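# Architecture and fold: a report
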Amino acid sequence: MPETVPRNSQENKTAVPQNSPPDCFFHSNIPISFGNQVALARPRLDVLLEKAVQSPVVTVVAGAGYGKTHTVYFFVRKLNVHTAWIQLSERDNVGERFWENFIAGMSVLSRETAAKLTKLGFPATDRQFERYLEIPRHDVIPGNKYIIVYDDMHLIYDKTVLRFLEHTISSSFPNITSILVSRGEPSVNLMGMVSKGFVTRITEEDLRFSKDEMAAYFSLQNLNPSPQTLSLIYHDTEGWAFAIHLASLSLRNLSPARGYVPQALRANIFKLIDSEVMAPLDPALQHILIKLSLVDHLASSLLGELAAEDPVSGGGKGDVLFTEKLASVGSFIRFDPYLDAYHIHHLFLDYLKGRQNELGEEEKREVWLRAASWCVANGQNLDAISYYEKTGDYDKLIGVVYQVFPLSLPNRIARLLLEILDRAPEEIFRKVPSAASLRFQIFTVLELFGRAVEELKKTIAGLEGEEPSPANYLALSGCYNNLGFLGLTACPSTRDYGFVRWFEKGYEYFRLSGHIYPSSGSGIVASLSAYVCRVSVPGREEIEKYIEANAAMDSYVSRSMGGFFSGIDELARAEYAFFKTDTAEAERFALQAFQRARDAGQYEIENRALGYLVRICIFTGNLEKIGDFLKLLEAQLSQKKFFNRYIYYDIVMGWFYLQTGQRGKVASWIKNDFEESELSSLNYGLEILIRTKCHYYEGRYHAAMAAMTNQKGSYGYGNLLLGKISFRTMEALCCYRLNDISGALRALEAVWELSAPCGFDLSLVEMGKDTRSMIGGILKGGADGPYTCAVPREWLERIHRASSTYAKKILGVTEKFTDGGKRNRMLPSGAYLSRREQEVLTGLSHGLTREEIAGASSISVNTVKSVVKSIYNKLGALNQADAVRIATERGLLKQDSNER
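Keep in mind it's a predicted model, so treat the numbers as computed, not measured. (Residues numbered from 1 in each chain as written. Predicted model: local features only at pLDDT ≥ 70, side-chain atom pairs only at ≥ 80, totals over all residues. Heavy atoms only, no water.)

### Details of the packing of aromatic side chains
Taken as a whole and judged by the stated rule, the model has 43 aromatic pairs. Relative to Phe164, the ring of Phe102 lies with its centre 5.4 Å away and its plane at 85 degrees, an arrangement referred to as edge-to-face. Of this pair, Phe102 sits in helix 3 (residues 95-106) while Phe164 sits in helix 6 (residues 159-170), placing them 62 residues apart in sequence. Phe164 matches Phe102 in its accessibility class, with the two residues each being buried. Grouped by ring-pair contacts, the aromatic residues Tyr531, Tyr576, Phe578, Phe579, Tyr612, Phe619, Phe760 and Tyr806 constitute a single cluster. (Phe/Tyr/Trp six-rings, centres within 6.5 Å; stacked < 30°, edge-to-face > 60°. Helix = DSSP H or I, 4+ residues; strand = E, 2+ residues; numbered from the N terminus. Buried < 20%, exposed > 50% of the residue type's maximum accessible area, 1.4 Å probe, protein only.)

What follows is the structure, given as structure tokens:
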């Protein structure tokens, strides 16, 4: 990986052989120094691990105290390879916290790679994992060997984290070996790799000390027990490394007359730790060890801060005296130079936690505050939140939340934060108004609307009963705005557009507060539902009521929340005009929405406006502008504050690729039936429509209809009028393809009933030739005569004409953006396809009929037939499918052009 951290540098503190080639594996009988202890060299295990790391995956599975971590750690230290050590904990069952930990481990290999991983965010979905894989594909250096150690895998149970680990461990990088260290079989599914012989297992039996190894270990400790005592100890310990180490301490401290007492080992491990490990230590050192057990990640810089105020450290941050005293604890605490952090052995940590009651509450709070501050400074935000909860400092806790996460919290984070706030004392919500606001925000994300309303009314009553002040007014402004957002969310079901009164009230209190936002705005980014026009029933009057309310909301909220929702009024009007196919009006409002949103940092509104502008340009045949808008969409990927930027980019581009016959370019996470959306149910929906269309173009019509039923929540896509029209349109097309004419007619009647009152023809028209074929067949009727259909014939004929025209426009867009028909490619025989032949071949590859190709190319049907015959002769093709296949194989057509 680029910018690799030097493994022999002072910064890394890792000793590696100077003159060994990158892939050289070796073992040494030279004992390795560790603190003031000496670790026994075990050549048997070195040889075993040397062979093991030739495999892509190594599992090291044994119970506590068998020396798993110790063995792997000293082995990788002796190798001249790039190693990352990921020390896992219970907290890593939250994806975002795991990602912070993972990045910290990877930063040892390359700071540049770590920066890319930070920018990407935790790959919770297949879509994000694809992007993640691009990073190692680019950064991993082919000639170098890499080892990634995942220590304490048994602590991970979260499905999302396990899925990432399973995917990344199973990814085919021949020079990367993953070592999984665990007390039990790792929960990741490795059966596929096991069946291919790609997994090497190291077990408890392999790690047990032999009797000779145990004797050699005692010898290193200057202990020479009699053969009889050795036999007793080995029988008692059964080669268990931790027990052997405790036995050595017991032998060192017992008088020769008393000798070794096996029962002492069996009685109680904690008692042995107390008598053999802690008793010889200075009481001040014992005290700080107990304080260290309050913290999960003991980075050396954090440990220095924690020790700075303690007398045992000598009062100096990172003082050498303290480090030496810490080393006197021996192998129970080890320093990991890869992570620049200390690790406490599990059993010793459990012992220390059992003594935390010896600390005062203020002492504990001071440790947690220092740990939280360190975590914030080092980007470990979820750990910081946890520590702030322990201190009871909810002001700082909520500050971290608002600093790091978007307004529309990911569901995983929302659930975690709700658990924290549910544990908080009730008075916190009176003392820290932002805590009540955050709890409301979480209720909304998780669709706990009943709790949200109850919470808001209680908070408003309390605030209005207090002495007026700027802070009080600002809090009331937030509460009333939140009531307005609840009304906005629920209006498709309630049909009550009076939510504006709450936004008006919020604006009044905001003016009274005297608060002034910076020129850059509040920095809060609005999240949108699948459609901006949140109405559920047909009718111009209904939608115009909503648009009027939406405009009033925009005027209040954009001022009281520092630019929040800027452009939402224009965007709603653009959407309304576009679905009526009033493209001139739609383009005018979409451009206004784009500019207002861009000026106020409202990235989702900007994204949606650009998406509509691309669709408008396709509809009108304005090919030049399409490329400009696509570039603006891509530029949004650099906006780090646009939290869901990759999701929405994939959605807009997925629609574009489907319209232009490039199904292969649609992000795989959208096409995957089992992919869980990262969006909340209020924002969810557009990806379902694209997934449905993917299945449709693949000929998987039953899968397409099944995808339409995969909706979350009752306030999202499927409850909105435009969503209903889109779904029923796809249902009609699927039924028609399945030759279920009655089903197609029923769905088409539903589309007409929903769309005709508002003139919403767009969903049918944008399906182009598919709509044209379906309606043409319905107008023509069956063998027994015309079909019985409640839909007016004039409406069907209008849609038929519009969809036919749209199909021609799409052909032009496809030509431009897929290079179809623009290059005369030479055939192996030396012959050329003419421009006309290229145009016709492209039309055939898109499934157009000869009549449709003739219309789009302004030539006669007979000319098209003649050109097709010429293509068959040149390619040696038997039929249309054969011609398209041969042309694709010979590079005359891009594969994407044949995928619709």
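Read on for the rest.
### Quick look at the sheet that holds strand 6 (residues 176-182)
Strand pairing in a sheet is mediated by backbone hydrogen bonds. Such pairs are either parallel or antiparallel. Spatial ordering of the open sheet is given by 4-5-6-3-7, a layout of 5 strands whose pairing is parallel. Every other strand in the sheet has two partners, leaving strand 4 (82-87) and strand 7 (199-202) as the edge strands with one partner each. Across the sheet, the mean angle from the axis of one strand to that of its neighbour is 15 degrees, orientation sign disregarded. Relative to strand 6, strand 5 (residues 146-151) is paired through 6 bridges, and the arrangement is parallel. Bridging from a neighbouring strand, Tyr146 pairs with Ile176 of strand 6. Sitting on the sheet, helix 6 is in contact with strand 3 (57-61), strand 5 and strand 6, with an inclination near 155 degrees to strand 5. (Pairing = 2+ DSSP bridges. Axes fitted to C-alpha atoms, helices over the stretch in contact; angles between N-to-C directions. Contact = heavy atoms within 4.5 Å.)

### Some details on the pattern of salt bridges
Within the structure shown, the criterion is met by 40 salt bridges. Ionic pairing is found between Glu570 and Arg596, a salt bridge with its closest N-O pair at 3.0 Å. Of this pair, Glu570 sits in helix 28 (residues 568-579) while Arg596 sits in helix 29 (residues 583-600), and the two are 26 residues apart along the sequence. Taking the shortest distance from any N to any O, the salt bridge between Arg737 and Asp770 comes out at 2.9 Å. On the criterion of sequence distance, the pair formed by Arg737 in helix 36 (residues 721-737) and Asp770 in helix 39 (residues 768-780) is long-range, its members being 33 residues apart. The class for Arg737 is partly exposed, based on a relative accessible area of 41%. Taking the relative accessible area as the measure of exposure, Asp770 reaches 4% and is therefore buried. Linked by salt bridges that have partners in common, Arg91, Asp92, Arg97, Asp296 and Asp383 make up one network. (Salt bridge = Lys/Arg side-chain N within 4 Å of Asp/Glu carboxyl O.)

### Structural notes on empty space enclosed by the protein
According to the stated counting rule, one finds 7 cavities of 30 Å³ or more in the structure shown. Roughly 350 Å³ of internal volume is contained in the largest cavity. Along its surface, the largest cavity is lined by 24 residues, and Tyr531, Arg615, Trp655, Leu686 and Leu689 are the ones closest to its centre. Breaking the lining of the largest cavity down by element, the ones donating at least two residues are helix 30 (603-620), helix 32 (645-659), helix 34 (686-697), helix 36 and helix 38 (762-765). Top element by residues in the lining of the largest cavity is helix 30. It accounts for 6 residues. Classifying every residue of the lining of the largest cavity gives 15 nonpolar, 5 polar and 4 charged. (1 Å grid on protein atoms, 1.4 Å probe; cavity = no way out; pocket = protein on both sides within 12 Å on 5 of 7 lines; lining within 4 Å. Points joined across faces, edges and corners; volume = space filled by probe spheres on them. Nonpolar A, V, L, I, M, F, W, Y, C, P; charged D, E, K, R; others polar.)

### Observations regarding the environment of Ser195
With respect to the secondary-structure elements, Ser195 resides in helix 7 (residues 191-195). Looking at Ser195, its side chain comes within polar contact range of the main-chain oxygen of Gly192, at 2.7 Å. (Polar contact = N/O pair within 3.5 Å; in protein donor to acceptor, adjacent residues only side chain to side chain.)

### Brief notes about the packing of helix 25 (residues 470-494) against helix 26 (residues 500-513)
Packing of helix 25 against helix 26 leaves a shortest axis separation of 7 Å and a crossing angle of 165 degrees. Judged on the interaxial angle alone, helix 26 and helix 25 are roughly antiparallel. Along this stretch, helix 25 crosses helix 26, giving a crossing that reads as left-handed. Residues Pro470, Tyr473, Leu474, Leu476, Ser477, Tyr480, Asn481, Leu483, Gly484 and Phe485 of helix 25 form the contact with helix 26, whose own contacting residues are Trp502, Phe503, Lys505, Gly506, Tyr509, Phe510, Leu512 and Ser513. By residue class, the composition of the contact of helix 25 with helix 26 is 12 nonpolar, 5 polar and 1 charged. (Parallel < 35°, antiparallel > 145°, perpendicular 65-115°, else oblique. Left-handed = near helix turned anticlockwise from the far one by under 90°.)

### Here's the deal with helix 4 (residues 111-120)
It helps to recall that an α-helix has 3.6 residues per turn; residues three or four apart then point in one direction. For helix 4, every residue scored as buried is listed here: Thr113, Ala114, Leu117 and Leu120. Relative to the axis of helix 4, the buried residues are bounded by an arc of 120 degrees and lie together on one face. Residues of helix 4 that are buried make contact with helix 3 and helix 5 (126-139). Two or three places before Glu112, at the start of helix 4, stands the capping residue Ser110, its side-chain oxygen 3.3 Å from that residue's backbone nitrogen. Looking one or two residues beyond helix 4, the residue adopting positive phi is Gly121, at roughly 85 degrees. (Arc of directions from axis to C-beta.)

### Quick notes on the sheet that holds strand 8 (residues 298-299)
Ordered by their spatial adjacency, 3 strands build an open sheet running 8-10-9, and the pairing between neighbours is antiparallel. Edge positions in the open sheet fall to strand 8 and strand 9 (333-336), since each of these has one partner strand only. Bridging between strand 9 and strand 10 (residues 341-344) involves 4 bridges; their strand directions are antiparallel. Its bridge partner being in strand 10, Phe335 is matched across the sheet by Tyr342.

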